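# Coordinate analysis (summary)
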Amino acid sequence: MKKDAIQIGIIGFGTVGAGTAAILLNRQKTLEKKLGFPIRIKHIADLDVKRSRGLKLPKGMLIKDSKKILYDPEIDIVVELIGGIHPAKELIISALKQGKHIVTANKALLAESGKAIFDTAAKCGRDIGYEASVAGSIPIIKVVRESLIGNKITSIFGIINGTANYILTKMTEEGVEFATVLKEAQSLGYAEADPTFDIEGVDSAHKLTLMASLSFGLPLSFKKIYTEGITRITPLDIEFASEFGYRIKLLAIAKQVDNEVELRVHPTMIPQDDLISSVNGVFNAIYIEGDAAGAGLYYGRGAGDMPTGSAVVSDIVDIARNIKTGAVERLQGIGTSVNPALRIKKMEDIRTCYYLRMSAMDKPGVLSKISGILGSNNISIKSMIQKGRNKEEAVTLVMMTHEAREKDMVRALKQINRLSIVSDKTMYLRVEGGEDSNGRH
Ligand code: HSE
């Protein structure tokens, strides 16, 4: 193997860019020893060349103009770490056309516009590494692409957004309202100034899009994912969940049964004794079940400069080794093995257990009215608690149901919410795991 260096150019010197550069610069010698050839950062491009990132770069490495990277014939791999759709998409496509391989952490771009990018990469015979786009340091893309290659993947269940998990954990531990924790998380720098993607489930849906495509052979299906965030969760729901033996987590779920795949992101009640219930704070965890391997749980840091930088470096090294051994196009892209028979199950057809919290008058016949509506919509109650006793005002009724169809639940809730004895809109959450569930592992 030739000993000359693989040269890389990094576009974007923010949090992840700095983490990646720190690893490559500080571990230069050890990496070279392990690989048998050096990996060198030729340039890092960023519009801000003044701000200190706490890293001493060799003179001339940091530049403003990303074109210098795109059109430098010596650069083998372009690492895109600016995030967002534009101009990241255009930069990646031009880099591919210039014969560069790509490493990116940009899940939004790949989930929403990945087809054009993977098609261009295939046309140009170049690889795209995107390990860092899902779950930070957890090597989940490698697990699906390589370790579980001999399996038919049947399900994916994961906490893949650290910000939402941090907020739910704090609400659970301290009994505080969503808005209070969000403000605190923003002031500590855990949540973005605009946290919409994290708290509304969009970031999880981006990541699920990539994992589901790779795992099941689906086309990229971001727009078809049912996505619901955590903004309506209250400390009261967390407390009731705990009384029933559950925790509330924002889960990304993909399950394949026959030729149908369920794809959904929503707050979910899971049994307290399930391992994933103890995944707290900014940590991520993903169950993947394969028909040969069974279920495995992968846990680690899902964000941050060094954890995400660690994933970026693993892709750079993978591609560098492929270049050196003449094995480019070894990294399986997304959309390369689409199964045309698969379809995405409509949300209204999914079956799950439910938690319901209602405010109803405490009068004779109230319960029979509510349970009558549930019964006539094929929904069977598993357990129930009532809090308080007040003839004048509404009391809180909480129910857990057996497995029911989403469509039936939505219809039943419309009827229940119309009752004059029910004061507020009924809160409902889906429940996974436990004796009654339609099975995770
Ligand atoms: N915003 C993401 C999270 C990290 O909170 O998990 C980057 O994917």
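This write-up is about the structure you can find in this document. Quick caveat: nothing in here was measured; it's all calculated off a predicted structure. Position numbers for residues count from 1 along each chain, tracking the sequence in the order it is written. Given that the model is predicted, a residue must reach a pLDDT of at least 70 before its local features are reported, and side-chain atom pairs must reach 80 or more before they are shown or counted; all residues, however, enter totals for whole chains, interfaces and linings. The side-chain figures draw on all heavy atoms in the structure; neither hydrogens nor water molecules are used.

### Topic: the overall build of the protein chain
Secondary structure elements follow DSSP: runs of H or I no shorter than four residues count as helices, runs of E no shorter than two count as strands, and numbering proceeds from the N terminus. Helices and strands together make up the secondary structure of the protein chain, namely 14 helices and 18 strands. On C-alpha atoms alone, the protein chain measures out to a radius of gyration of 24 Å, which is about the 22 Å that the 2.2 N^0.38 rule sets for 441 residues. The principal-axis extents of the C-alpha atoms in the protein chain amount to approximately 85 × 45 × 35 Å. When burial is assessed residue by residue, the protein chain has 54% of its 441 residues classed as buried. Contact criterion: two residues are considered in contact whenever any of their non-hydrogen atoms come within 4.5 Å of each other. By sequence separation, contacts in the protein chain at least 24 residues apart represent 74% of the contacts at least 6 residues apart. To get the radius of gyration, use the C-alpha atoms; to get the globule rule, take the number of residues to the power 0.38 and multiply by 2.2 Å. Here the term buried applies to any residue with accessible area under 20% of the maximum for its type, exposed to any over 50%, and partly exposed to those in between, with areas from a 1.4 Å probe on protein chains only.

### Focus: the site of the ligand
The nearness test applies per residue and asks whether one of its heavy atoms lies within 4 Å of the molecule or strand. Near the ligand you find Lys107, Asn161, Gly162, Thr163, Asp198, Asp203, Lys207 and Ala303, and these make up its full shell. Counting of polar contacts relies on pairs of N or O atoms within 3.5 Å, with two restrictions inside protein: one atom must be capable of donating a hydrogen and the other of accepting it, and residues adjacent in sequence are counted only when both atoms are side-chain atoms. Within the side chain of lysine 107, an N or O atom sits 2.6 Å from an oxygen atom of the ligand. Burial of the ligand by the protein chains amounts to 82% of its free accessible area of 260 Å². Judged by the proximity of its atoms to the pocket grid, the ligand belongs to the largest pocket. Broken down by secondary-structure element, the contributors of at least two residues to the shell around the ligand are α7 (162–174) and α10 (202–216). Throughout, the ten residues Ala, Val, Leu, Ile, Met, Phe, Trp, Tyr, Cys and Pro are labelled nonpolar, Asp, Glu, Lys and Arg are labelled charged, and all others, Gly among them, are labelled polar. Its residues placed into classes, the shell around the ligand shows one nonpolar, three polar and four charged. Here, Shrake-Rupley sampling with a 1.4 Å probe gives the accessible areas, and only protein chains in the shown set may cover a residue. Only protein atoms enter the 1 Å grid, on which a cavity is a set of points fitting a 1.4 Å probe that cannot get out and a pocket is an open set with protein on both sides within 12 Å along at least 5 of 7 lines, lining residues being those with an atom within 4 Å of a point. Think of it this way: if more than half of a molecule's atoms are within 2 Å of a pocket's grid points, that molecule is in the pocket or cavity.

### Here we look at the layout of surface pockets
In this structure, the largest pocket occupies an estimated 1,200 Å³ of space. Along its surface, the largest pocket is lined by 42 residues, and Val16, Lys107, Glu192, Ala303 and Gly304 are the ones closest to its centre. Within the residue set of the lining of the largest pocket, elements represented by two or more residues are α1 (15–26), α5 (107–124), α7, α9 (196–199), α10 and α12 (305–325). For the lining of the largest pocket, a count of residues per class yields 15 nonpolar, 18 polar and nine charged. The source of the domain bounds is an automatic or database domain assignment. If you count residues domain by domain, the lining of the largest pocket takes at least three from each of domain 1 (6–135 + 305–325) and domain 2 (140–301). Grid points are joined across faces, edges and corners, and a volume is the space filled by probe spheres set on the points. Reported here for the second largest pocket is a volume of approximately 270 Å³.

### Focus: the packing of aromatic side chains
Within 6.5 Å between ring centres, the rings of Phe, Tyr and Trp (the latter by its six-membered ring) count as paired, and their orientation is classed by plane angle as stacked under 30 degrees, edge-to-face over 60, tilted in between. Inspection of every chain in the model, using the stated rule, returns three aromatic pairs. Geometrically, the ring pair formed by phenylalanine 283 and tyrosine 299 is stacked, given 5.1 Å between the ring centres and 5 degrees between the ring planes. Of this pair, phenylalanine 283 sits in strand β11 (residues 283–290) while tyrosine 299 sits in strand β12 (residues 294–301), and the two are 16 residues apart along the sequence. Each ring, one from tyrosine 354 and one from tyrosine 428, has its centre 6.2 Å from the other, and the planes form 35 degrees; the classification is tilted. Remark: tyrosine 428 occurs in strand β18 (residues 427–431) and tyrosine 354 occurs in strand β14 (residues 351–361); sequence separation between them is 74 residues. Residue classification places tyrosine 428 among the buried positions, given a relative accessible area of 17%. The positively charged end of arginine 232 is found above the aromatic ring belonging to tyrosine 428, 5.7 Å away from the centroid. Put simply, a charge is over a ring when the Lys NZ or the Arg CZ is close to the ring centre, within 6 Å, and near the line of the ring normal, within 35 degrees. Over the ring of phenylalanine 37 we find lysine 324, and its NZ or CZ is 5.2 Å from the ring centre.

### Details of the side chain of serine 215
In this structure, serine 215 sits in helix α10. Looking at serine 215, its side chain comes within polar contact range of the main-chain oxygen of methionine 211, at 2.6 Å. In this view, serine 215 contacts Val144, Ile153 and Ile156; residues no more than four positions away in its chain are not counted.

### What to know about the pairing of strand β9 (residues 246–257)
Within β9, 10 of the 12 residues are buried, which leaves it mostly tucked inside the rest of the structure. When β9 meets strand β10 (residues 260–271), the two strands line up antiparallel, connected through 12 bridges. In the strand pairing of β10, glutamine 256 is matched with valine 261. Any two strands with at least two DSSP-identified bridges between them are counted as paired. Here β9 folds back onto β10, and the loop between the two strands holds two residues, one of which, aspartate 258, carries a positive phi near 50 degrees.

### Focus on the nonpolar core
In this text, buried Ala, Val, Leu, Ile, Met, Phe, Trp, Tyr and Cys residues form a nonpolar core when linked through side-chain atoms within 4.5 Å. The biggest cluster of nonpolar side chains holds 81 residues, and the ones touching the most others in it are Ile167, Phe216, Ile230, Ile233, Leu263, Met269 and Tyr355. Among the elements that line this core, the one with the most residues is α10, at eight residues. Within the second largest apolar cluster, 31 residues are counted, among which are Ala21, Ile23, Met61 and Val103.

### Examining the pairing of strand β7 (residues 153–159)
It is a general feature of regular strands that their side chains alternate between the two faces of the sheet. Among the seven residues in β7, six count as buried, and that is most of the element. Pairing analysis gives six bridges linking β7 to β11, with the strands arranged antiparallel. For isoleucine 156, the partnering residue across the bridge sits in β11 and is isoleucine 288. Alignment of β7 against β9, held across four bridges, turns out to be antiparallel. Paired with glycine 158 across the strands is alanine 252, a residue of β9.

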